[in-house]
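Each chain is listed here by its residues.
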Amino acid sequence: MRKFEALLSRTIALSDCVVRSCVLNSGEIFTEFTDCAERKTQCLTGTFINRGLTASAMRLKGCNCNTNLHISHSLMHQVQQLNQDGLQLVNCIIDFKEKLLCGVNSCNIFTANYPLLIEHILREAQLYRAHLMRLEGLSHCSCRELRDSELFWNQIMMEHAMFIRGLLDPSEDALIDTADDFAEDYKCLLKASAAANDRTMCNGNSLALTQKFRDFKRAGVEGIEACKIRSIILPLLADHVLREANHYIRLLET
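Quick caveat, the model's predicted, so the values are computed rather than measured.

**Re the overall build of the protein chain**
For step 1, the next point in the chain: Each helix and strand in the protein chain was counted, giving ten helices and zero strands.
For step 2, the next point in the chain: For the protein chain, the α and β elements follow one another from N to C terminus as α-α-α-α-α-α-α-α-α-α.
For step 3, the next point in the chain: Along the first, second and third principal axes, the C-alpha set of the protein chain runs to 55 × 45 × 40 Å.
For step 4, the next point in the chain: Taking all 254 residues of the protein chain together, the buried fraction comes to 39%.
For step 5, the next point in the chain: The long-range fraction of contacts in the protein chain, counting pairs at least 24 apart against all pairs at least 6 apart in sequence, stands at 80%.
For step 6, the next point in the chain: Carbon and sulfur atoms make up 57% of the accessible area of the protein chain, which amounts to about 14,500 Å² in all.

The following block contains the structure:
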């Protein structure tokens, strides 16, 4: 965690007036709930969270999404080093998650996390590594990967709905039913997208459903931070899944 915080701090320092405004404004880097979620989660868990990173990200200025930037050789070198350091770090976290998953599946490690959640965050780390490898020219993005992007994120959204359903208090009947409906809707989309092949990443059904799911998640963060929803969902986890929905929406709208 501390090493990734240091990596994120370096990334933020290199990002001012470089990152596109459409990314900064998408709600995938931070939301209006993030600072409060970090503060409450630190209080509840006793884990120190560097809230200054979010504050620094919120101060970033973006560049025009349609402008071709002139990037200095110095910045290119620093970003290249950042990517290389990120690759080493993400390889370590992937190894850690794989060992953890193996221990849980063999009943040698107990955790309050679902095994599917560990698989979920492992797949996300592997996607992050693939992005870094492409940035460093170590691999190329195939047509298959572009087609599979929508399948990947629809599965992530489906699993979010399943996790939310499983982490809500059993008394929250209406919210559980809504989460269950979202999980079923994404399951249907996954089947349809798998059959559609080349028509992925332009599926209006995915966008419309994810916008609705984003609104559900937003209401969830508000309810959890205000202590109006009974659950075992940490505020920062609720904000995290909202930011991922915002990220997917930006991909679909691009």
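Moving on from the model shown.
**Brief notes about the packing of aromatic side chains**
For step 1, the next point in the chain: Taken as a whole and assessed by the stated rule, the structure comprises seven aromatic pairs.
For step 2, the next point in the chain: A ring pair is formed by Trp-153 and Tyr-248, whose centres lie 6.1 Å apart and whose planes are at 25°; its orientation type is stacked. Here Trp-153 is found in helix 7 (residues 143–167), whereas its partner Tyr-248 is found in helix 10 (residues 235–253), with 95 residues between them in sequence. In this structure, Trp-153 and Tyr-248 share a single accessibility class: buried.
For step 3, the next point in the chain: Grouped by ring-pair contacts, the aromatic residues Phe-182, Tyr-186, Phe-213 and Phe-216 constitute a single cluster.

**Re the side chain of Glu-159**
For step 1, the next point in the chain: Relative to the elements of secondary structure, Glu-159 occurs in helix 7.
For step 2, the next point in the chain: On the basis of relative accessibility, which here comes to 2%, the residue Glu-159 falls in the buried class.

**Things to note about a negative patch on the surface**
For step 1, the next point in the chain: Side chains of Asp-173, Asp-177, Asp-181, Glu-184 and Asp-185 sit close together on the surface and give a patch of like negative charge.
For step 2, the next point in the chain: You can see Asp-181 is positioned in helix 8 (residues 173–196).

**A look at the packing of helix 1 (residues 2–13) against helix 5 (residues 73–105)**
For step 1, the next point in the chain: The N-to-C vectors of helix 1 and helix 5 enclose an angle of 160°; their axes lie 11 Å apart at closest approach. Looking at the two axes, helix 1 sits roughly antiparallel to helix 5. Helix-helix and strand crossings are classified by hand; for helix 1 and helix 5 the assignment is left-handed. Facing Lys-3, Phe-4, Leu-7, Arg-10 and Thr-11 of helix 1, the residues of helix 5 in contact are Gln-81, Leu-82, Asp-85, Gly-86, Leu-89, Val-90 and Ile-93.

**A look at the side chain of Glu-225**
For step 1, the next point in the chain: Its location among the elements puts Glu-225 in helix 9 (residues 204–225).
For step 2, the next point in the chain: Within the buried set, Glu-225 has no salt-bridge partner at all; the shortest N-O distance to an opposite charge, 6.0 Å, is to Lys-40.
For step 3, the next point in the chain: Discounting residues that sit within four places of it in the chain, Glu-225 has contacts with Phe-33, Cys-36, Ala-37, Lys-40 and Pro-235.

Procedures and definitions
- Residues numbered from 1 in each chain as written.
- Predicted model: local features only at pLDDT ≥ 70, side-chain atom pairs only at ≥ 80, totals over all residues.
- Heavy atoms only, no water.
- Helix = DSSP H or I, 4+ residues; strand = E, 2+ residues; numbered from the N terminus.
- Buried < 20%, exposed > 50% of the residue type's maximum accessible area, 1.4 Å probe, protein only.
- Contact = heavy atoms within 4.5 Å.
- Areas by Shrake-Rupley, 256 points an atom, 1.4 Å probe, with all protein chains shown as cover.
- Phe/Tyr/Trp six-rings, centres within 6.5 Å; stacked < 30°, edge-to-face > 60°.
- Patch = residues over 30% accessible without salt bridge, like charges linked within 9 Å, V, L, I, M, F, W, Y side chains within 5 Å.
- Salt bridge = Lys/Arg side-chain N within 4 Å of Asp/Glu carboxyl O.
- Lys, Arg positive; Asp, Glu negative; His and termini not counted.
- Charge placed at Lys NZ, Arg CZ, Asp CG, Glu CD.
- Axes fitted to C-alpha atoms, helices over the stretch in contact; angles between N-to-C directions.
- Parallel < 35°, antiparallel > 145°, perpendicular 65-115°, else oblique.
- Left-handed = near helix turned anticlockwise from the far one by under 90°.

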